[in-house]
Amino acid sequence: EQVVEPGGGLVQAGGSPRLSCAASGLSLSDQFTGWFCQAPGKERECAAGISLRGGYTYYADSVKGRFTISRDNAKNTVYLQMYALKPEDTAVYYCAASSYATDSNLVYGYAYNYWGQGTQVTVSS
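Below: a short report on this structure. (Residues numbered from 1 in each chain as written. Predicted model: local features only at pLDDT ≥ 70, side-chain atom pairs only at ≥ 80, totals over all residues. Heavy atoms only, no water.)

Brief notes about the state of the cysteines
Any covalent bond linking the sulfur atoms of two cysteines counts as a disulfide. Per the counting criterion, the structure on display carries one disulfide. For Cys-21, the disulfide goes to Cys-95, at an S-S distance of 1.9 Å. As the torsion about the S-S bond is roughly -70°, the Cys-21-Cys-95 disulfide counts as left-handed. With Cys-21 in strand 3 (residues 18-24) and Cys-95 in strand 9 (residues 91-98), this pair connects stretches of sequence that are 74 residues apart. Considered together, Cys-21 and Cys-95 belong to a single accessibility category, that of buried residues. (Disulfide = S-S within 2.5 Å. Helix = DSSP H or I, 4+ residues; strand = E, 2+ residues; numbered from the N terminus. Buried < 20%, exposed > 50% of the residue type's maximum accessible area, 1.4 Å probe, protein only.)

Now the structure itself:
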C-alpha cells in the first residue's frame, strides 16, 4: 500500500504545473487525501485536502485561489493543479492519504497514515 507523486521539477514563476498522486494497493476513493508542502527551513504544512468523493475541499490561505485539488476515483488519482506559481511556493510536496481524517484534523500530519516520498517543486523568478 503506497502513494506516489510523479511530477514536480523546475518551473518558472507564473507557471501552472499539475502534480499527481497515484496509489497502489490502496483505494484513494476510501481515503481523505491531502497535499502537504515543506519549504526550506520551514515546517511541513497542509496546502490542500479533498474528501472521499470530492464534495469538500480545503486550501491553506497561501494557496487559496491559485491551487485546485481534485480527484478521479476511476483512475485512483488525486491531482493538485497549481497556477500562478511564486518563488515562495518552492517546496517538497507530499501526497498523504487517510482513512480517518476529518475536517477538524485534516491540516495535521498525524491524521494521515499513508505518505508519498515527496516531489520537489522549484519555482524560479
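Focus on the nonpolar core
Counting 29 residues, the largest nonpolar core has Leu-28, Trp-35, Ile-69, Leu-80, Met-82 and Tyr-93 as its most contacted members. When contributions to this core are tallied by element, the ones reaching two or more residues are strand 3, strand 4 (32-38), strand 5 (45-50), strand 7 (67-72), strand 8 (77-82), strand 9 and strand 11 (119-124). With four residues, the single largest contributor to this core is strand 9. If we skip the residues at most four places from it in the chain, Tyr-93 touches Glu-5, Leu-19, Trp-35, Phe-36, Cys-37, Phe-67, Leu-80, Met-82, Gly-118, Thr-119 and Val-121. One finds Phe-32, Cys-46, Ala-101 and Leu-106 within the second-largest nonpolar core, a separate group that totals nine residues. (Core = buried A, V, L, I, M, F, W, Y, C linked by side-chain atoms within 4.5 Å. Contact = heavy atoms within 4.5 Å.)

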